[in-house]
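# Examination of the molecular architecture
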Amino acid sequence: MSGSSCPAPRLGPRGCAFSGFQLEVSNAPQGPEAATQIHAQEHKTLVEMLLPSPPDLQSLKPLKSTDSLVPSDALILAFALGAPARRVLTRAEALASPIALAGCPGRLWSDLCGRMPGLVGRGKIREAILELPLVDGGEDVVPDDALWAATVCLGILVSVWRYEERNDGYEGVASTTVHRRTGSVEEEEVVEEELKGIPKNIAGPFRTVCRRMGRVLPHLTQYDVSIYNYKIRDHASVYPYVNRSENMDLRWPVFQDRAEAMFLLCMAEVHGTFMNGVEIVTRCQEMVMESVNPRSGEQFANPVEWGQRYAKFSASLSNRVPALSGLALPLFQLMDAFLGRTKYDTFLGLEALHLRAWLPLNHRAFIAAIEQYYQVPTYVASTGDRRLIGVLDGIVESYAGERGFMGTHRYKVYGFLEVVVKTGRTETNGNAGSGDNSGRPWEEVHRTLSDSMIERLDPFRSSISLKPHEMRGCFEECRFMSRIIGRDFIDADKDRSTGKVTVDLRNTGVTFGSGDRLAIMPLNPWREVVKVAKVLGVVDRLDEKISIDKIDDWKRFSKHMADVSRNPKAGEFTLRDVLRRGHLAPLTKETVMAVHVMLRASSTGLLEVLASESWPVSGSLGDLLGLAQSGVSTSIWDNVFGKDLSWIPKLVPVEVPRTYSISSFSDELLPSFVNLTVSRVEHKLCPLLAFYGSNDILRSGISSGFLNPHPSEDEDQSDIPTGIKRGNDDDIVLVGISRPLNFQLPISPAAPVAMFAGGSGIAPFRSFWQERFSTGAVGRNILFLGVQSRKKFVYESELLDHVRHHGLELHTAFSRDTKGLSYDASTRDMIEKDTEPRYLDAVIAEKRNLICDLIMSTKQGGLGGYLYICGSVSVYETVIRAVTKAIYQARAVTQKSADALLATAFAERRFMLDIFMTPRAMSFNEPIIPLSTLSRNTGHREGDKTWIGVHGAMYDVTDFLPIHPGGSLIVAASAGLDASKTFDEIAHTSNPEVVSLLSKYFIGYLAPKPNLKSAELIGLYDSWMDYLRNCVESLTTLSFEVKDILKDANVWFSGGMLNMGGVRKLYQFQSRLMQDGFTTLFGSKLQELFVKLSFTPVSAQHNSNSRLPDVMGIVARAQSSPAATAAQKEIAQVGEYVCDSSTAQAFERGIIQYAQAVTELDVRFLEQVREEICTGIDGFDVIVETQRLFKLAAFLVSLLERIAERLDTYYVELSALSLYHPEIEPNPARARWRIVRRRIRDGSFFIYTQDITLDSSSSSAMVMPGRSRLSITFDRVISQANEMVQQSLSRQQEQGGHSNNTDTLQQRPHRRLADAHTRRAEDSSGLLGVSSYEKHLDRRAAYRVSTFLEGNMKAIRRLSRAVDGTAANRAAPLPLRPEARKRDGSNLATLVRQGIGSEERRMKALERTASVSSSSSESSLSGGRKIFLPGSPRDSLRAPAQRRRGVE
């Protein structure tokens, strides 16, 4: 083939006319059987043609990368018969698909995989693997139709062997460095790096089947364990498709937990839904060919559980083979090719190309055929057909857009990975986040995925400069031009307060479904445009072009208009355009202040407006300018608002789009119109702006007034001057489709649906019932509707018709009318009935039994209904409160169980919300809540409150946690924190539904940062606040892991037997804490704070002999104390049980009791540390003057000493806990005998046979009732800091091979995906148990210490000898005097914690406390004893003070 040429011209790639010309080629088969022989050659597998012989093992040894051994796309495409893709698809269909191994000797592998969860749970999987007989993987043993199944089974066995080898109970705290070997492992003499240490009985056949599969090196892939590793539960359950996660199980699970199952099955489901997509993509290419060339033919994956189990299992066998990653799934590779992705410059882009090279050869051939020939996007663009372009835009948005698959995946990963990272992982399986330098890898992952989305969108959205998450709620979402073609009455209200609005969709290519929303850019009413123009005297200048080149948002909007209209002149804006499309109302404080500044504060009226307590102010820019004009002189006015109009776009920003639920359904692919149900919002004009003489002037909302104006406004246009309007072009609006994730009809047409609506909240439900009735859905349709009166009963005739003819069940509540309607189930009709005015809650109470049946799932004996609420926040509150009460009265025994039933419905996505954006003026007369109070409300204990801060506001989201669509863990990860950045990253800030719902939980404002004048004081505050944030995050993260260990019975027992998975979790969790002593709190971050705080008093006294608490020494001594050693010994024993299930079962109750006691101690310890840090942050509110920096530093250093002392106490308490309690075990005698046998083996049983000598007794450490405190000089502090920086550098060199430079503390080398996986799985350094999040914080803190030392080098050299290389002085022990302890007693600490008294009293108390500190410093300088503030940590531990936890 390499030397052949086609005698006839051909337009496709090599191989297009394969059989048609090969008969004429030399060396081609000849004779009557030639055609048969050629077709036989064509059906040889690609593996046989491209990889006829396996690579030599000796030649593979030195290779660091084996990508060069993989055939190129061009070569594969040629051998696969080339384009069109149909040829490749036909050939691929001739290849066998994977089936079970039941019919061949390889069945023993699948049989063992079927037993795997139980064997892994009992710690016996390696023994079972060693017992397997050696079976070859050749064709005579494993036929082709069982090849892929054999690859999956053997790959899982090899990977689980490697996983067990790396997690055998000796990887953390261990009593010996020698790992336990399981039996005799017989290895092959010559073996690849990937199979080192793997038993011969599985390594050999795995290598063979991988070579037959075309894999140059043996490895397990993501599609092996997902899309080729499931089985269907019910093949008859075909609606809407068979391959649904709830209709699938893993064929060969490893751990049998939901985290593993959902992680893999969701990938299988995605591919299952795309099964027809391959044919659709192929058909699209064929249609382009015909046009271009006529001659061519259980739903939850626990992030903690996933990160600690399956994520470790998924590590690659070596860094030369691809790791398990969703990037390798053929679906994404195919869609990228189909949509014409051209850029692969980001990390994920490059990794996608790398992983694509390792896909099965037939997959690669098909993708290459789609990518390289007859490209669909190119053809669509060339047609210029707006409908076709719109359809392609919809496909792009649904796959790579902000609200599509990729955008949704990014937001899911953000919250999921935040929890995973803090409990043990850095990167995703795609290695996103490996380059993070900020210590928050999930944010780096978010940015990496965003960059990848931009690359996918580049061919279609190259003009958009925003990041994908910044587009949400912006005008870039409105990409289609349309106009309003109808405004109709839908009730008997002559004012049409609620109306039906029809928007034209012809020639847009837009399609929509029920539950979707329409984003629309509203236009300002002409009256407001005229008002501004008149007051400025520019009515005759409305056609004048405005320069917008220096105004970013208008410049973006101009470019967007030109792109959408495909007309460059559409981006040129006149004054009329700016006033029509800019934000004129309501008035923000920024707008009023800008006008006030422009007029040089000459208007008293503006000052009165600025003094308003609530913002925004009801009024428009025209009203504001009118008020200002009446209060300033003509000369000032003309000087400010003269001929130059360039200030107008600076003052008037671009209006933002509004989103409305779609009220119509169309079964057409490209509907010609869409209906909206819009209720006009009206509010009173601010009295300060009502200079027309009336205080009751009503104004309509900008968007609702534009879409559904009062009927009189359509008729009366007399006050609009002639020539203001330019014709129909002025009415063009931009629209776009928004698809909510959690407001869609159920998949099954038999599922019952209940809809709760208030007023115009009926909007989406009209599309719901239209779709249900038009498609013949058989499930019940129930509507609960609340309106004011019969006059405002929207869609009355339509609803009554559906009740009579389509079985709609309608239940109404009229709040201001006695003429009611009642649904008669027997006649299926509505009956007129006089009733008292009532709200929706009364109707729900009447139908409580029905409501309860709908809420309860079918497993609970209910109907398993789908319930929807649409309306304002008040409607949501009314319905939720009524539903909860109904459940309590009809089904639940307690209020708690009622809440649990409701939470279950939300968790199962059967209860969904569509909350209106309800503009609310925010008053500044709300409680001011300190940061420390926020930090104390993390909700990690049952019954505690969960608070979050967002952009200066505080919210109590305790009641919202159970119903959060993303799960409670995602919200809880931000508990007790200022979550503003998180809200921005996941586009919650620009989501009107989130903003509206959040307003329900508003409790006050977060106290602003203290007004600190000193740069040094500001730096200390920021460092201490970071320390507090680290502590709160550590506490919430710890609580996640504790709940995962203790709450799930499946963690500890499987099949009635002790599960080693629970033992392994406990061991790895506690090992991490024991090995590094809570690194985020007692590592580099503590060192950083101590150095900075020590430098302050020493530099103030200009004396390096000042005595300081040995904070880091206390930590080091605590970590190496006898108590810590005893506690580590107990944890090491837990590790030994990981692979010794028979012994572990004898102590199963003791192990579980130990787990409960240890984890409770861990949580309580972090709570105590948090309290100390909160005390410190409150101290900044008391000490705000620069001259008192010394006093604050002394106070904070004392708190650091207390925190370090608490670590010592923690180890003492931990060492008192024991695994062994034979009296509580099921078989006490066996438990006691195993304890005796263990002590005989380790020699401790014979301790009483040894003679006691003076030498032996003196060598033993004695635990004294009390211990003198130690103090050190500043020299020693600097020496400790230098040591810490060097240690951090050493760790970086070990992990990444950096040079000896402090710059490496914030940089990391670029690593490939497989490198990261292998590194993480094989890590045996001292930081083994530390989560990647903690490693990041440690590295960043070390970098900041290094920067601090370098920045203050001159002063440090003056004060310290340590920098010059001399030995640091070590101070002798200095006991704390009892009288000083009693006198000091925590004056400042008590004052700060209680937060009471006037400022004057607090300052006086502070001065009294500081005087003690000053005298202490003076005595220290003269060789006296150091007095520590604010009291003895040991005393405070013995008698902890009661502290307030409320709003201070």
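In this text the structure is predicted, and so the values were computed from the model without any measurement.

## Here's the deal with the overall build of the protein
The helix and strand tally for the protein stands at 63 helices and 28 strands. Expressed as a percentage of the 1448 residues in the protein, the buried residues total 57%. Of the accessible surface of the protein, which amounts to about 60600 Å², a share of 52% is contributed by carbon and sulfur atoms.

## Description of the packing of helix α34 (residues 763-774) against helix α35 (residues 796-806)
Between α34 and α35, the shortest axis-to-axis distance is 12 Å and the interhelical angle comes to 30°. Comparing the axis directions of α34 and α35 gives the class roughly parallel. Seen along the crossing, α34 lies across α35 with a hand that is left-handed. Contacts between α34 and α35 involve Arg-766, Trp-769, Gln-770 and Phe-773 from the former and Glu-798, Leu-799, His-802 and His-806 from the latter. Split into classes, the residues belonging to the contact of α34 with α35 amount to 3 nonpolar, 3 polar and 2 charged.

## Considerations on the packing of helix α10 (residues 147-166) against helix α11 (residues 200-212)
Close contact between α10 and α11 brings their axes to 9 Å; oriented N to C, the two are set at 140°. Between α10 and α11, the crossing angle belongs to the class labelled oblique. Taken as a pair, α10 and α11 cross one another with a handedness that is left-handed. Residues Leu-147, Ala-150, Thr-151, Leu-154, Gly-155, Leu-157 and Val-158 of α10 form the contact with α11, whose participating residues are Ile-202, Pro-205, Phe-206, Val-209, Cys-210 and Arg-212. The residue makeup of the contact of α10 with α11, split by class, is 10 nonpolar, 2 polar and 1 charged.

## Side note on the sheet that holds strand β12 (residues 733-738)
A sheet is described by the order of its strands in space; here 4 strands give the open sequence β3-β12-β6-β8, paired in antiparallel fashion. Bordering the open sheet on either side are β3 (480-482) and β8 (658-661), each of which pairs with just one other strand. If you compare each strand with its neighbour and ignore which way they point, the axes differ by 40° on average. In this structure, strand β6 (residues 517-520) lies alongside β8, joined through 4 bridges in antiparallel fashion. Each residue of the ladder has a partner; that of Ala-519, found in β8, is Thr-659. Across the sheet, helix α25 (residues 552-565) lies against β3 and β12, angled at about 80° from β12, the strand it touches most.

## Some remarks on the nonpolar core
Of all hydrophobic cores here, the largest spans 101 residues; its most connected members are Trp-1024, Trp-1052, Phe-1082, Phe-1180 and Leu-1200. Dropping the residues within four chain positions of it, Phe-1180 is found in contact with Pro-1010, Leu-1012, Leu-1017, Leu-1020, Tyr-1021, Trp-1024, Leu-1192 and Leu-1196. Counting residues in each nonpolar core, the second largest holds 83 residues, with Leu-101, Ala-150, Phe-255 and Phe-338 among its members.

## Focus: the sheet that holds strand β18 (residues 866-871)
In spatial order, the strands read β15-β14-β13-β18-β19; together these 5 strands make up an open sheet with parallel pairing. Each having just a single partner strand, β15 (809-814) and β19 (911-915) make up the two edges of the open sheet. Averaged over all pairs of adjacent strands, the angle between strand axes in this sheet comes to 10°, irrespective of strand direction. Judged from the 6 bridges that link them, strand β14 (residues 781-787) and β15 form a sheet pairing that is parallel. Note that in β15 the partner of Gly-786 across the bridge is Ala-813. Together, β13 (753-758), β14, β18 and β19 form the strand contacts of helix α37 (residues 848-855), whose direction differs from that of β14 by roughly 125°.

## Some thoughts on the packing of aromatic side chains
The description of two aromatic rings rests on the distance between their centres and on the angle between their planes. Under the definition given, this model contains 29 aromatic pairs. Where Phe-906 meets Phe-911, the ring centres are 4.7 Å apart and the plane angle is 5°; that geometry is what we call stacked. The same class applies to Phe-906 and to Phe-911, which are both buried. Measuring from ring centre to ring centre gives 5.7 Å for Phe-960 and Tyr-1001, while their planes differ by 45°; the resulting arrangement is tilted.

## What to know about the confidence of the model for the protein
With 74% of its residues at a pLDDT of 70 or more, the protein shows a mean pLDDT of 78. pLDDT under 50 marks residues 93-98. Its contacts with residues more than four places away, or in other chains, come to 10 contacts. In the predicted structure, residues 425-437 sits below a pLDDT of 50 and forms 66 contacts with residues beyond four places in sequence or in another chain.

## What about the pairing of β18?
The buried fraction of β18 amounts to 5 of the 6 residues, a majority that puts the element mostly inside the structure. Bridge count between β13 and β18: 5 bridges; the pairing is parallel. Within β18, the position partnered with Met-755 by the bridge is Tyr-868.

## Focus: the side chain of Lys-500
With respect to the secondary-structure elements, Lys-500 resides in strand β5 (residues 498-504). Look at Lys-500: it is buried, it has no salt bridge, and the nearest opposite charge is Asp-488 at 4.4 Å. Residues contacting Lys-500, with those up to four places away along its chain left out, are Gly-486, Arg-487, Asp-488, Ile-490, Asn-675, Leu-676, Arg-766 and Tyr-795.

## Observations concerning the pairing of β19
With respect to burial, β19 is a largely interior element, 5 of its 5 residues being buried. Neither face of β19 is open: one carries Phe-911, Leu-913 and Ile-915, the other Met-912 and Asp-914, and all of them are buried. Bridge analysis of β18 against β19 gives 5 bridges, and the strand direction is parallel. Looking at β19, one finds that Tyr-868 is bridged to Met-912.

## With respect to the pattern of salt bridges
Per the counting criterion, the structure on display carries 57 salt bridges. A salt bridge links Lys-531 to Glu-528; its shortest N-O distance comes to 3.3 Å. Of this pair, Lys-531 and Glu-528 both sit in helix α24 (residues 526-536), separated by 3 residues, roughly a single helical turn. For the pair Lys-531 and Glu-528, a shared accessibility class is recorded, and that class is buried.

## Some details on a nonpolar patch on the surface
Together, Val-238, Tyr-239 and Ile-747 give the surface a local cluster of nonpolar side chains, amounting to about 300 Å² of exposed area. Take Val-238: it is sitting in the loop between β1 (230-232) and β2 (248-250).

## A short note on the side chain of Ser-760
On the secondary structure map, Ser-760 appears in the loop between β13 and α34. Residue contacts for Ser-760: discarding those within four places in its chain leaves Thr-498, Thr-677, Ser-679 and Phe-916.

## What to know about the environment of Val-1345
Within the element layout of this structure, Val-1345 appears in helix α58 (residues 1332-1351). On the basis of relative accessibility, which here comes to 1%, the residue Val-1345 falls in the buried class. C-alpha separation for the pair Val-1345 and Ser-1084, spaced 261 residues apart in sequence, amounts to 8.2 Å. Setting aside its immediate chain neighbours within four residues, Val-1345 contacts Ser-1084, Gln-1087, Glu-1088, Ala-1281, Met-1284 and Val-1285.

## Section: the environment of Lys-534
Looking at where Lys-534 falls in the secondary structure, it is placed in helix α24. With 88 residues separating them along the chain, Lys-534 and Gly-622 place their C-alpha atoms 8.8 Å apart.

## Focus on the environment of Asn-1227
Inspection of the secondary structure assignment puts Asn-1227 in the loop between α53 (1189-1215) and α54 (1228-1242). Overall, the relative accessible area of 35% leaves Asn-1227 in the partly exposed class. Along the backbone, Asn-1227 and Ala-1146 are 81 residues apart, and their C-alpha atoms lie at a distance of 7.2 Å.

## A word on unusual backbone geometry
Looking along the chain, the bond that leaves Ala-585 and enters Pro-586 is cis, with omega of -10°. Structurally, Pro-586 is set in the loop between α26 (575-581) and α27 (589-598). Following Trp-615, the chain continues to Pro-616 via a peptide bond in cis, the omega torsion being 0°. Of note, Pro-616 is situated in the loop between β7 (614-615) and α29 (621-629). Non-glycine residue Tyr-795 carries a positive phi angle of around 55°. As for its position among the elements, Tyr-795 is in the loop between β14 and α35.

Conventions adopted
- Residues numbered from 1 in each chain as written.
- Predicted model: local features only at pLDDT ≥ 70, side-chain atom pairs only at ≥ 80, totals over all residues.
- Heavy atoms only, no water.
- Helix = DSSP H or I, 4+ residues; strand = E, 2+ residues; numbered from the N terminus.
- Buried < 20%, exposed > 50% of the residue type's maximum accessible area, 1.4 Å probe, protein only.
- Areas by Shrake-Rupley, 256 points an atom, 1.4 Å probe, with all protein chains shown as cover.
- Axes fitted to C-alpha atoms, helices over the stretch in contact; angles between N-to-C directions.
- Parallel < 35°, antiparallel > 145°, perpendicular 65-115°, else oblique.
- Left-handed = near helix turned anticlockwise from the far one by under 90°.
- Contact = heavy atoms within 4.5 Å.
- Nonpolar A, V, L, I, M, F, W, Y, C, P; charged D, E, K, R; others polar.
- Pairing = 2+ DSSP bridges.
- Core = buried A, V, L, I, M, F, W, Y, C linked by side-chain atoms within 4.5 Å.
- Phe/Tyr/Trp six-rings, centres within 6.5 Å; stacked < 30°, edge-to-face > 60°.
- pLDDT = per-residue confidence, 0-100.
- Lys, Arg positive; Asp, Glu negative; His and termini not counted.
- Salt bridge = Lys/Arg side-chain N within 4 Å of Asp/Glu carboxyl O.
- Patch = residues over 30% accessible without salt bridge, like charges linked within 9 Å, V, L, I, M, F, W, Y side chains within 5 Å.

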